[in-house]
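# Descriptive analysis of the structure
For reference, the chains in residue letters:
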Amino acid sequence: LELCPPYDAMWQAAIEARDRSRPQPLSPAEVQQLTQFNLACGNVSGAALVPALGEPGTLVVVAGQQPNLLASPLFIIVKAIATVTLARQISQITARRVVPVFWVASDDHDFSELAQCYVLGRTGSLRSLAVLLVRHGAFVEASPAYAWNLDPVAPSLSALLRTELPPGNARG
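Summarised in this report is the structure supplied together with it.

Reading the values: the criteria
Residues numbered from 1 in each chain as written. Predicted model: local features only at pLDDT ≥ 70, side-chain atom pairs only at ≥ 80, totals over all residues. Heavy atoms only, no water. Helix = DSSP H or I, 4+ residues; strand = E, 2+ residues; numbered from the N terminus. Buried < 20%, exposed > 50% of the residue type's maximum accessible area, 1.4 Å probe, protein only. Contact = heavy atoms within 4.5 Å. Salt bridge = Lys/Arg side-chain N within 4 Å of Asp/Glu carboxyl O. Core = buried A, V, L, I, M, F, W, Y, C linked by side-chain atoms within 4.5 Å.

A count of helices and strands for the protein chain gives seven helices and four strands. Taken from N to C terminus, the helices and strands of the protein chain fall in the order α-α-α-β-α-β-α-β-β-α-α. Split into buried and exposed, the 172 residues of the protein chain put 30% on the buried side. Long-range contacts, defined here as pairs at least 24 residues apart, represent 66% of the contacts in the protein chain between residues at least 6 apart.

Here it is, written out as structure tokens:
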């Protein structure tokens, strides 16, 4: 499975354009702040990459994703893996330091948008899983996605899926 487009003249042109624009690397204070933030989040590996962002020749591959109830965890993981893969590929080809940066907009607080998750039920109708979140108090109105607590609603979500999905391996 190819996760990234092959390195070609387009990538080289983008790197050359970046170098011509002479972007400013992070300042020592910004490096320290970003390192501390990553450590506070438990992202030790990410914190170790931050000092490279203070070096002028470092390239960065940036990608991200808005969270979405049940629909995006695997998609987010695949995109993050592709970001790391592309950074490694460009680093190997260019012999330059390339840092993968992946963000998840977990501070988003638009519940009605983020909680859109429907299952095609046995009767052929769409069932909204967001209704269960509202009923079971998994979120506080206008709270960021990272603060949602899905633990109380997980049994109800699981039961709904077992009821609505057809028999077979996917159902489990």
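After that view, the rundown keeps rolling.
To continue, consider the side chain of Thr83. Checked against the element boundaries, Thr83 lands in helix α4 (residues 73–94). The exposure class of Thr83 is buried, given its relative accessible area of 4%. When sequence neighbours within four positions are dropped, the list of residues in contact with Thr83 reads Val61, Ala63, Pro100, Val101 and Phe102.

Under the counting rule described, the total for this entry stands at two salt bridges. Notably, a salt bridge pairs Asp19 with Arg18, separated by 2.8 Å at the nearest N-O pair. For Asp19, a relative accessible area of 32% translates into the label partly exposed. Relative accessible area serves as the criterion here: at 22%, Arg18 is assigned to the partly exposed category. Of the charged contacts in the structure, one is a salt bridge between Asp19 and Arg96, with a shortest N-O distance of 2.7 Å. Remark: Arg96 occurs in the loop between α4 and β2 (98–104) and Asp19 occurs in helix α1 (residues 9–21); sequence separation between them is 77 residues. Via salt bridges that share partners, Arg18, Asp19 and Arg96 belong to a single interconnected network.

A word on the nonpolar core. Judged by nonpolar contacts, Cys4, Tyr7, Trp11, Ile15, Leu59, Val61, Ala82, Leu86, Ala87, Ile90 and Val98 together constitute the single largest core of eleven residues. Residue assignment for this core shows that the elements contributing at least two residues are α1, β1 (59–65) and α4. Those residues within four positions of Ile15 in sequence are excluded, and the remaining contacts are Tyr7, Leu59, Ile90, Thr94 and Arg96. Judged by nonpolar contacts, the second largest core, of six residues, contains Val119, Leu129, Val153 and Leu160.

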